[in-house]
Every structure is written in structure tokens, then in C-alpha cells.
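Here are the chains, one letter per residue:
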Amino acid sequence: VQVSLVSRCRCQKRQHQVIENELKRELGFKKVSRKDIERFKLWKEFGGIAPYEPGTPVSLAELYSGLYDIDHIIPKARLFDDSFVNKTICRTEINGGSTGKNDRTAYDYMSSKEATVFNEYVTFIKDYFDKGGISEAKFEKLMMPMEMIPDDFITRQLQLTRFITKEAMHLLEKVCR
């Protein structure tokens with residue numbers, strides 16, 4: 001288990017170096033941040049297409065021009081999840097504003113669109129999942145309406161965090177003050 005974790009870490013480090021080199025070469029970045037790498041990976045995940053606009057390709061230059069944001073598929077305030085699996089790219093005006101996604105899930109936002117747009121979204125997401133382009137966890141988040149998120153999720157997570165913190169403190173007390 002430890003060997004596979006080390007090799008996965010090395011592989012990820014190499015992947016990040018490749019991304020960093022591409023951003024420096026293609027867009028002239030002087031310094032590449034973790035957010036820049038995450039944005040690139042989210043863009044690459046759907047083949048350079050923002051999932052809320054399945055027919056519209058996004059160029060690498062557009063991705064870093066301020067026209068696109070990293071969006072939480074399920075609002076972070078609702079699910080308390082800031083992981084890669086709960087993120088995607090979308091145009092800045094979709095991510096906020098009065099006509100944007102706001103505090104809705106991706107599914108709820110897309111289902112508020114015309115039926116043809118919504119069906120195109122569902123087909124696009126299912127196709128990428130079937131091809132192995134996205135994980136099952138990301139697929140489930142992209143297809144989850146708000147009413148499927150448990151109301152007590154954050155309360156439960158906070159209780160678990162308190163318990164884990166106490167246990168970690170007891171373990172650490174044995175080796176340090």
C-alpha cells in the first residue's frame with residue numbers, strides 16, 4: 001500500500017510538472033500556482049469543454065483570461081466539500097450574478113434551462129462517465145439535485161471532526177506536550 005502511494009505521488013508530481021511547463025510555454029506564465037494546475041486539470045477532464053455549455057470548446061488562453069471560474073458543482077456551503085471531485089470550470093457569469101448558478105447544484109441549474117439544453121448536458125455528462133473521463137463520484141455530483149443532499153450533512157461532519165480531533169489530540173499527547 002505504501003509503495004503504491006509513493007508511486008502515485010511521484011506520478012502526480014510529474015503530471016503537475018508537465019502542466020506547469022505547458023502553461024509556461026503556451027501562455028508565458030512566470031510562476032504557476034496550485035490553483036492554476038487545478039484549473040488546467042478541470043479543463044482537461046472534459047476535453048477542454050465547460051460542462052454547463054457542452055457544445056462550446058474553451059481554449060487554454062480563455063481558461064486563464066478571467067472569463068472562466070472554478071465552480072463547486074454542489075455549493076460548498078451546502079456539502080462542505082472543497083475537493084477536486086466537487087469542482088468544474090464554468091464561465092464567470094454562470095458562477096454568480098442574478099441569472100447564474102448561485103447556490104444551486106449543477107443539476108438544478110441546468111434543469112432550469114430549456115429542455116434541449118438540459119438534455120444536452122445530461123447526455124454530455126453520461127457520455128464522459130461512460131468513456132471513463134470522469135469518476136463515479138463526480139458523475140453523481142453533476143447529476144445530483146439539491147433535494148438529494150442530506151440536511152444533516154454538515155452537522156454530522158462537524159461532530160465527526162470534533163471526535164477525530166479529540167482522538168488525534170490523545171494520540172499526540174503520547175509523543176509531545
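> How would you summarise the nonpolar core if you had to cite specific residues and measurements?
With 23 residues, the main nonpolar core has Phe46, Tyr52, Tyr121, Ile125, Ile134 and Leu142 as its most contacted residues. At the level of secondary structure, the elements contributing two or more residues to this core comprise helix H6 (106-111), helix H7 (115-130) and helix H8 (136-142). Those residues within four positions of Ile125 in sequence are excluded, and the remaining contacts are Phe46, Pro51, Ile134, Phe139, Leu142 and Met143. Listed in part, the 16 residues of the second largest apolar core include Ala50, Val58, Leu63 and Ile70.

> Please give an account of the pattern of salt bridges that cites residues and values.
Applying the stated criterion to the full structure yields ten salt bridges. Here Glu38 makes a salt bridge to Lys35, at a shortest N to O gap of 3.4 Å. With Glu38 and Lys35 both in helix H2 (residues 34-45) and three residues apart, the pair spans about one turn of that helix. Here Arg91 makes a salt bridge to Glu53, at a shortest N to O gap of 2.6 Å. Taken together, the residues Arg91 in strand E2 (residues 87-91) and Glu53 in the loop between H2 and helix H3 (60-63) connect sequence positions 38 residues apart. Residue class for Glu53 comes out buried when judged on its relative accessible area of 16%. Beyond isolated ion pairs, a larger network of salt bridges with shared partners links Lys35, Glu38, Asp82 and Lys87.

The rules behind each value
Residues numbered from 1 in each chain as written. Predicted model: local features only at pLDDT ≥ 70, side-chain atom pairs only at ≥ 80, totals over all residues. Heavy atoms only, no water. Core = buried A, V, L, I, M, F, W, Y, C linked by side-chain atoms within 4.5 Å. Buried < 20%, exposed > 50% of the residue type's maximum accessible area, 1.4 Å probe, protein only. Helix = DSSP H or I, 4+ residues; strand = E, 2+ residues; numbered from the N terminus. Contact = heavy atoms within 4.5 Å. Salt bridge = Lys/Arg side-chain N within 4 Å of Asp/Glu carboxyl O.

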